[in-house]
Amino acid sequence: MRVTDPPSHFRRRFFLGLLAACLFLALASGAAARGRCGSHPWCDTHLSPDARANLLLGALTEDEKIGLLGGDDFNGGVSGGPHAHTGTSDGVPRVDLPTTYYSDGPLGPRQGQATALPAPMGLAATFRPTLAFSAGSVVANEAKFKGNDVVFAPTVNIMRNPLGGRSFEAYGEDPFVDAQMAVQWIRGAQSQGVIADVKHFAANNQEGADPTGHGGAPGAPLGAGPFGSRYIVNDVVDERTLREIYLPHFEAAVKQAHVGTVMCAYNQVNGAFSCENRHLLQQILEHEWGFKGYVIADYGAAHNTINNLNNGLDFEAWPPWSYRPQEIQLALLSGQASQATLDGHVRRILRTLFAYGFFDRASYRDDDAQIPKRAHARAVRRIEESGITLLRNRHLLPLRRRRLKSIAVIGSPATKFVTGGGSGNVSPFSYASPLAAIRRAAGRKVNVSYDDGADPATAAAHAKASSVAIVFAADYETEGADRQCLTLECPNAYGDQDSLIQSVAAANPRTVVVLETGAPVLTPWRNRVGALLEAWYPGEQGGPALARVLFGKVDPGGRLPVTFPQNEGDTPTAGDQAKYPGIGVNVYYKEGVLVGYRWYDARRIKPAYPFGFGLSYTRFRYSHLRVRANTVTFTVRNVGRRTGRTVAELYVSIPSPGFGVVEPPRQLKGFAAVKLRRGRSTRVRLRLDARSLSYWDVAHSRWAIPRGCFLISVGRSSRDLPLHAVVARGGARCGDRD
């Protein structure tokens, strides 16, 4: 038989078919994950995370599934040793499911040494979400290079009470600021291939009063006594307050940042522990917000196996108590929990690991040599410079070397690395003290001397003989115990600092006070000093950053994310045991939505320094406010003599929707950090969405915009708002209050 050449169209079809077959084979061989997944069906990267999770779930035995709900590291845990992960889940070697490693992280990985970041409170003071992205990137990068897959951060709990021991770990008193910073921190962290863990869900706002009298002093045992203890307290909080104050930042973390995991808290909320709270975990987190990651219990926060299984807890890290294998098996055998429920928890864990690339990459090595320490140090110095907040300045700062003969640096914090305790206690790779940095910045012609401040009289004499005195004062906050008062002597970690400051200021009016605190403190001497800087817990680059601000190399960029009260009795929870620390196990959130500056404004209480406040070395003018639809524009001009920073803040006054519905006088709904050279101006544009004008309608369980007149205010702080405009909604007729 004679074979002839096939027609051209047949040849084309043949070659196209051959090409398709080759492409299919190439894709099929490349579909397997390049990481450590193996060649199993669930390793096909073309499948969705849900499909892959279902395939792997089907390959697991019941015992293997149960084993994935509890952690496996009983020795390293929270010790903070050089190679001690905060937690592990050993995985299932039979099916190539790798071990998952967990690390602490609000201020850096607590695993040996790390780059110590400024406290999140100081990060919030920057009012620059881009720096939150940078902070999240630095922490997660180091967590990754220490061999971790999940980082226990960010902490986003609202500062309801400035006595709270973990106030320094979070972003202050306002849910809008909190949400903006948390979203970018999470995005920064997860851009590094590490899964973030937003915590502590929800209303975890106190550690507990310490009946031992230690007051959270360094070296005191972790964990407060029975008075308002985080382990047992029941927060009685109405639904509107929960939705408007204590949940928006978690909602943003889920919906905007797509956080991989959520940590449920120790406390109870309205009668149910957070880790077995169906309303929080299933109704709100899963069904309303669409959270597809998994829920992790804080260490020791899981109590009841049945309730945890049936109400939404997926994973209990070290040490598994509620999720001990025998307890889960008993729940299944007794019919109090179903196989479908078990599968649901495991599926959520596996789906998250697939969705965030855990299987499809090599394991992370625990080797500090991989960490770009210099680049990270530069990043954290920029954060601290932008967070240092100038609260008072009587023509004293910035310091000018040519006008100085001598500087007296006073107070032991000037020579120490100041930070908080607990999961935020990081050991820095390196540290340059403020004293050393001031000496470098002052130069050889200026005599910089030091006095530890132990004897106020000696320190005062030292200050009197100097051109300028700089007093460093600090507080100490820690996980496990609230502070007993708001003075610098609670706890008495650094001596009688208030008396020291008063003595030095009396001897030399050219006194600068630098506070290194985690949250607001009382400042009874504030009008007697020449300048006051709040540096927060400044991280490992605090010394160089402070020196650059003191000598004017950079403008202090910080603004207060919290209100500084004049008196302790002015705070929202003061003077009422039912509010704090509680009666029995119950803490009653009777202040409702009036938290932080909302409380001070509603009660017309003058604070020492209001929310959003902070000074610059230059001056700014705000003008030409315009509101068109949902867009607010205005002009900011630098009318001073040098380059500087300001934070333009937008507040909304929402009309009360009905009798008995309390609305705060104003609420922050937008902000923009602005840097301008002298004489320059810029047009700032901020957008208001529907939520910016809404309140939680309890009767209909939804967000609603009330009918009425909304006052839009713009300015430099919650108490300095020179620009106003009125917006009508729902057909209301409003007079011009511009």
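Report follows, based on the coordinates. (Residues numbered from 1 in each chain as written. Predicted model: local features only at pLDDT ≥ 70, side-chain atom pairs only at ≥ 80, totals over all residues. Heavy atoms only, no water.)

**A look at the overall build of the chain**
Of regular secondary structure, the chain possesses 18 helices and 28 strands. For 738 residues, the compact-globule estimate of 2.2 N^0.38 gives 27 Å, and the C-alpha radius of gyration of the chain, at 28 Å, lies within 12% of that figure. In terms of principal-axis extent, the alpha carbons of the chain reach across some 110 × 65 × 65 Å. When each of the 738 residues of the chain is scored for burial, the buried share is 61%. At a minimum sequence separation of 6, the contacts of the chain that also span at least 24 residues come to 75%. In the form shown here, the chain has an accessible surface area of approximately 28,500 Å², with 51% of it arising from carbon and sulfur atoms. Positive and negative side-chain charges in the chain, numbering 85 and 65 respectively, have mean positions lying 14 Å apart. (Helix = DSSP H or I, 4+ residues; strand = E, 2+ residues; numbered from the N terminus. Rg over C-alpha atoms; globule rule 2.2 N^0.38 Å. Buried < 20%, exposed > 50% of the residue type's maximum accessible area, 1.4 Å probe, protein only. Contact = heavy atoms within 4.5 Å. Areas by Shrake-Rupley, 256 points an atom, 1.4 Å probe, with all protein chains shown as cover. Lys, Arg positive; Asp, Glu negative; His and termini not counted. Charge placed at Lys NZ, Arg CZ, Asp CG, Glu CD.)

**Brief notes about the state of the cysteines**
One covalent bond between the sulfur atoms of two cysteine residues makes up a disulfide. Taken as a whole, this structure holds four disulfides when the rule is applied. A sulfur-sulfur separation of 2.1 Å characterises the disulfide bridge that pairs Cys37 with Cys43. Judged by the sign of its S-S torsion, about -85°, the cystine formed by Cys37 and Cys43 is left-handed. Given the relative accessible area of 0%, Cys37 is considered buried. (Disulfide = S-S within 2.5 Å.)

**Regarding the side chain of Gln541**
Inspection of the secondary structure puts Gln541 in the loop between β18 (531-534) and α17 (542-550). Apart from residues no more than four positions distant in its own chain, Gln541 is found in contact with Ala377, Val380 and Arg381.

**A closer look at the sheet that holds strand β15 (residues 447-451)**
What the six strands build is an open sheet, ordered β12-β18-β17-β16-β13-β15; its pairing is mixed. For this open sheet the edge positions go to β12 (389-393) and β15, each flanked by a neighbour on one side alone. Going from strand to strand, the sheet's axes swing by 15° on average, the running direction of each strand aside. (Pairing = 2+ DSSP bridges. Axes fitted to C-alpha atoms, helices over the stretch in contact; angles between N-to-C directions.)

**Examining the nonpolar core**
Judged by nonpolar contacts, the single largest core of 114 residues is most densely connected at Leu97, Leu123, Trp185, Phe201, Val259, Leu285 and Leu350. Among the elements that take part in this core, helix α6 (residues 175-190) stands out by supplying eight residues, more than any other. (Core = buried A, V, L, I, M, F, W, Y, C linked by side-chain atoms within 4.5 Å.)

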